[in-house]
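Notes for the structure review
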Amino acid sequence: MASKKVSGGVFLRETSGLVRDVSPWPSLLATWALVTGGVPILILEWLWLGPGANWPLAFTVTLLPTLGMAFLFYLAGASMPRSGGDYVFNSRATHPALGFANYWALFIAFVLSQGYYSYLGASWLGYLFTGLGMYYHDNFLLSIGGFFGLKIGRILWGIIVGTVITSLIALSVRFHWKFIAIAGAISLITTAVMFGTLLTINPTSFSSALSSFTGIKDAYSEVIADASSNGLSFVTPFYGAILAIPAIWYYYTWYNLPASWAGEMKKVRFNVFLSIIVGVLMIAVYYILFTQINISAFGEKFLTSYSYIYCNGYNDTVVNTLSSIGTFTPFFALLVLGNPIIYILMFIAIWLPNYYSGPPLVLGLSRYLFSWSFDRIMPSWMADVNSRLNAPIKAVLLIMALSGFGVVLYAYLPVLSLVDVTVAFEISYAIFAISSALMPYIRKDVYESTMIIKKKILGIPIITLVGVPTFIFLVFATVITWGNPIILPVNLPTILSVVLMYASGFAIYYGAKIWNQRKGIKIDLAFKEIPPD
């Protein structure tokens with residue numbers, strides 16, 4: 001059982017002030033949105049990174065270490081069910097400075113991601129209108145789609161809808177989770193419609209529709225031929241699966257966030273297990289089905305060739321004609337079926353998770369601020385809880401401001417997108433994995449008093465047996481990804497950003513430690529136990 005002791009004066013106060021009101025189903029749907037939001041579009045855009053891959057194999061192979069990491073986050077949330085539960089665990093697993101610096105870096109990556117995906121969400125919203133405008137040759141719809149492709153359109157949408165409205169949803173805890181339940185149900189229903197629709201399409205019917213729309217004879221074959229002439233070559237299915245692992249690992253990330261609201265969960269152990277472990281398994285099935293059904297409908301060589309030309313800017317008449325719609329396969333389905341209702345439902349299936357992932361991300365990030373304040377690393381006002389809304393309103397509003405700033409940064413400093421997509425997550429997850437593995441040896445007292453699973457195999461704790469290979473995999477994934485121009489480009493801004501993120505985290509922790517010591521408070525004591533409920 002978790003320790004219930006509270007050292008007098010160490011924590012900010014003796015109760016959190018938060019209410020355990022989060023049910024398992026909405027929490028699972030939040031994980032679905034957080035992990036899958038925007039990813040289907042990336043899957044289709046990045047098919048060329050594993051040309052010829054056996055995609056079910058690639059997703060399954062990457063799933064194994066992902067489940068290992070998910071198990072560690074499950075242990076964190078279930079063993080220390082507090083706000084910012086995964087941070088609380090990490091900061092008590094080895095050294096509090098390392099735990100805080102790690103989550104400070106992850107926090108920055110998440111905040112920037114909130115701005116980035118709000119910004120991208122406008123572009124993807126533009127696909128809805130652009131696709132209809134192209135199909136019906138309607139200039140008004142094309143102009144709406146074009147507006148969301150402009151910087152001003154992306155900024156306005158990103159700030160007003162993606163940031164402000166999203167954050168306001170997160171202010172009321174009960175409304176927030178009702179919104180997640182409804183949006184999640186719509187997402188699952190429209191996904192079923194999308195899969196059913198794609199199963200009625202085959203490459204032959206699509207090839208005919210594509211030539212008819214573009215006016216280019218053998219348009220389908222031309223895309224494949226042009227990709228080949230520009231250097232695309234298909235490898236063996238197994239080797240392609242290995243090449244795809246780094247991208248797929250990123251597709252699976254963000255499943256740690258349910259642990260951040262573990263302090264507000266009902267039926268904590270079941271809820272965390274469902275939200276993280278079951279959530280990852282459910283998402284793996286979805287990714288495999290989405291990829292294979294699209295390949296079955298439009299052809300692997302065509303989709304891979306199209307993505308290769310589109311992402312690398314090679315010249316091709318067909319891709320140039322459709323460049324404003326990207327690799328958005330609901331438009332391909334529209335060309336074959338001519339049904340705008342189905343097109344809109346398919347759009348919702350892909351776009352909605354990206355939008356409704358915003359409120360739980362804001363909520364989760366505000367809980368990290370809350371937990372840091374409770375540990376006296378951040379100002380006390382970040383843990384102020386509004387009794388009517390049962391939420392740390394000031395922390396949520398701060399996240400809103402930071403996210404809006406992130407939207408503007410991405411508009412004018414697009415190089416920042418490299419930070420959240422790549423190395424920050426790999427490093428932070430790796431540190432969490434190795435910290436978890438070492439916890440039974442470095443912080444044995446905390447481990448013994450809090451860990452819900454303390455079983456050993458051949459004398460080695462299960463958490464160590466899972467943590468070490470997971471850490472090794474993450475190091476391997478980083479090494480084989482290093483220098484990839486899409487996933488992990490190596491450049492000075494990226495390296496400096498990561499160094500600054502972690503260095504500032506250590507500086508904040510030790511600055512807070514010195515500040516509190518002057519007031520007679522030893523914050524080190526807080527990390528010998530978990531915060532009060």
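Residues numbered from 1 in each chain as written. Predicted model: local features only at pLDDT ≥ 70, side-chain atom pairs only at ≥ 80, totals over all residues. Heavy atoms only, no water.

1. Some details on the overall build of the chain
Put simply, the rule reads: Runs of H or I in DSSP of at least four residues are treated as helices and runs of E of at least two as strands, each being numbered from the N terminus. Contact criterion: two residues are considered in contact whenever any of their non-hydrogen atoms come within 4.5 Å of each other. Here the open area of atoms and residues is found with the Shrake-Rupley method and a 1.4 Å probe, where only the protein chains shown may cover a residue. His is not counted, nor are the chain ends, whereas Lys and Arg count as positive and Asp and Glu as negative. For charged residues, the charge sits on one atom: NZ in Lys, CZ in Arg, CG in Asp, CD in Glu.
Scanning the chain from terminus to terminus reveals 23 helices and two strands. Once the C-alpha set of the chain is aligned to its principal axes, its extents read approximately 80 × 50 × 45 Å. Across the chain, contacts joining residues at least 24 apart in sequence account for 83% of those joining residues at least 6 apart. Of the roughly 19,300 Å² that the chain leaves accessible, carbon and sulfur atoms contribute 68%. The positive charge centre, built from 29 side chains, and the negative charge centre, built from 20, are 14 Å apart in the chain.

2. Let's talk about the confidence of the model for the chain
Rules: pLDDT: the predictor's confidence for each residue, scored from 0 to 100.
Counting all residues, the mean pLDDT for the chain is 91, and 94% of those residues have values of 70 or more. The model gives residues 1-8 a pLDDT under 50, and that stretch makes 19 contacts with residues more than four places away or in other chains.

3. Thoughts on a nonpolar patch on the surface
Rules: To count toward a patch, a residue needs a relative accessible area over 30% and no salt bridge; like charges are then connected within 9 Å, while nonpolar side chains (Val, Leu, Ile, Met, Phe, Trp, Tyr) are connected within 5 Å. Salt bridges are counted wherever a side-chain nitrogen of Lys or Arg sits within 4 Å of a carboxyl oxygen of Asp or Glu.
On the surface, a cluster of nonpolar side chains totalling about 660 Å² of accessible area is made up of Phe-147, Leu-150, Ile-152, Leu-156, Ile-160, Val-164, Ile-165 and Leu-168. The dominant element in the nonpolar patch, judged by the number of residues it contributes, is helix 7 (residues 151-171), at six residues. Considering the arrangement of structural elements, one finds Leu-156 in helix 7.

4. A closer look at the packing of aromatic side chains
By convention here, two paired aromatic rings are described through the distance between centres and the angle between planes. Note the following rule: A pair of Phe, Tyr and Trp rings is counted when the ring centres sit within 6.5 Å of each other, with Trp represented by its six-membered ring. The angle between the planes then sorts it: under 30 degrees is stacked, over 60 is edge-to-face, the rest tilted. Exposed residues in this analysis have more than 50% of their type's maximum accessible area, buried residues have under 20%, and partly exposed residues fall in between, with area computed by a 1.4 Å probe over protein chains only.
According to the stated counting rule, one finds 63 aromatic pairs in the structure shown. Their ring planes at 75° and their centres at 5.0 Å tell us that Phe-100 and Trp-372 sit as a pair that is edge-to-face. A residue pair is termed long-range when its members are at least 10 positions apart, and Phe-100 in helix 5 (residues 96-136) and Trp-372 in helix 17 (residues 358-374) qualify at 272 residues. Here Phe-100 falls in the buried class, since its relative accessible area comes to 0%. Judged by its relative accessible area of 0%, Trp-372 is buried.

5. Topic: empty space enclosed by the protein
Note the following rule: Two kinds of site are reported from a 1 Å grid over the protein atoms alone, namely cavities, where a 1.4 Å probe fits but cannot get out, and pockets, open sets with protein on both sides within 12 Å along at least five of seven lines, and residues are called lining when an atom falls within 4 Å of a point. Grid points are joined across faces, edges and corners, and a volume is the space filled by probe spheres set on the points.
Summed over all chains, the structure comprises three cavities of 30 Å³ or more. Empty space within the largest cavity amounts to approximately 220 Å³. Lining the largest cavity we find 21 residues, and of these Gly-37, Tyr-117, Trp-254, Asn-354 and Ser-357 sit closest to its centre. Going through the elements one at a time, helix 1 (24-36), helix 5, helix 7, helix 16 (340-356) and helix 17 are the ones with two or more residues in the lining of the largest cavity.

6. With respect to helix 15 (residues 329-337)
The element helix 15 is largely enclosed, with a buried count of seven among its nine residues. Taken together, the buried positions of helix 15 are Thr-329, Pro-330, Phe-331, Phe-332, Ala-333, Leu-334 and Leu-335. Those residues of helix 15 that are buried lie in contact with helix 2 (39-45), helix 5, helix 9 (203-214), helix 12 (268-298), helix 13 (300-312) and helix 16. Immediately beyond the C-terminal end of helix 15, within one or two residues, lies Gly-338, with a positive phi of roughly 65°.

7. Some words on the nonpolar core
Heads up, the condition is: We define a nonpolar core as any set of buried Ala, Val, Leu, Ile, Met, Phe, Trp, Tyr and Cys residues linked to one another through side-chain atoms lying within 4.5 Å.
Counting 188 residues, the largest nonpolar core has Tyr-251, Tyr-255, Tyr-287 and Trp-372 as the members making the most contacts within it. Of the residues forming this core, the biggest block, 22 residues, is contributed by helix 5. Look past the residues within four positions of Tyr-251 in its chain and what remains in contact with it is Val-35, Val-39, Leu-42, Ile-43, Trp-46, Phe-59 and Tyr-287.

8. Examining unusual backbone geometry
Even without glycine at this site, Asp-218 takes up a positive phi of about 55°. Within the secondary structure layout, Asp-218 lies in the loop between helix 9 and helix 10 (219-229). Exposure remark for Asp-218: the relative accessible area of 47% places this residue in the partly exposed category. Positive phi, close to 65°, is recorded for Arg-376, a residue that is not glycine. Of note, Arg-376 is situated in the loop between helix 17 and helix 18 (393-412).

9. What about the packing of helix 16 against helix 17?
Counted only if it meets this: Interaxial angle, 0 to 180 degrees, is taken between N-to-C directions of lines fitted to C-alpha atoms, where a helix line uses only the stretch in contact. Reported orientations rely on four angle classes, namely roughly parallel under 35 degrees, roughly antiparallel over 145, roughly perpendicular from 65 to 115, and oblique for the rest. Gly falls in the polar group here, along with every residue not listed as nonpolar (Ala, Val, Leu, Ile, Met, Phe, Trp, Tyr, Cys, Pro) or charged (Asp, Glu, Lys, Arg).
Relative to each other, helix 16 and helix 17 sit at 20°, their axes nearing to 4 Å. Comparing their axes, helix 17 and helix 16 come out roughly parallel. In contact with Asn-354, Tyr-355 and Tyr-356 of helix 16, helix 17 contributes Gly-358, Pro-359 and Pro-360. Per-class residue counts for the contact of helix 16 with helix 17 are four nonpolar, two polar and no charged.

10. Considerations on the packing of helix 5 against helix 17
Cut-off, in case you're wondering: For any pair of crossing helices, the crossing counts as left-handed if the nearer helix is rotated counterclockwise from the farther one by less than a right angle, and right-handed if it is rotated clockwise.
Between helix 5 and helix 17, whose axes approach to 11 Å, the crossing angle comes to 150°. In terms of their interaxial angle, helix 5 and helix 17 are classed as roughly antiparallel. Where helix 5 crosses over helix 17, the two elements pack in a sense that is left-handed. Facing helix 5, whose interface residues are Phe-100, Tyr-103, Trp-104, Phe-107, Phe-110, Val-111 and Gln-114, helix 17 presents Gly-358, Leu-361, Val-362, Leu-365, Tyr-368, Leu-369 and Trp-372. Here the contact of helix 5 with helix 17 is built from residues that sort into 12 nonpolar, two polar and no charged.

11. Re the environment of Val-272
Mapped onto the elements of the fold, Val-272 is located in helix 12. The exposure class of Val-272 is buried, given its relative accessible area of 0%. The spacing of Val-272 and Trp-261 is 11 residues in sequence and 9.5 Å in space, taken between C-alpha atoms. Setting aside residues up to four positions removed in sequence, Val-272 forms contacts with Phe-73, Tyr-74, Gly-77, Ala-78, Ala-262, Met-265 and Ile-277.

12. Observations concerning the pattern of salt bridges
In the structure shown here, the tally under the stated rule is six salt bridges. Across the salt bridge formed by Asp-21 and Arg-174, the nearest N and O atoms sit 2.9 Å from each other. Taken together, the residues Asp-21 in the segment before helix 1 and Arg-174 in helix 8 (residues 173-198) connect sequence positions 153 residues apart. For Arg-174, a relative accessible area of 54% gives the class exposed.

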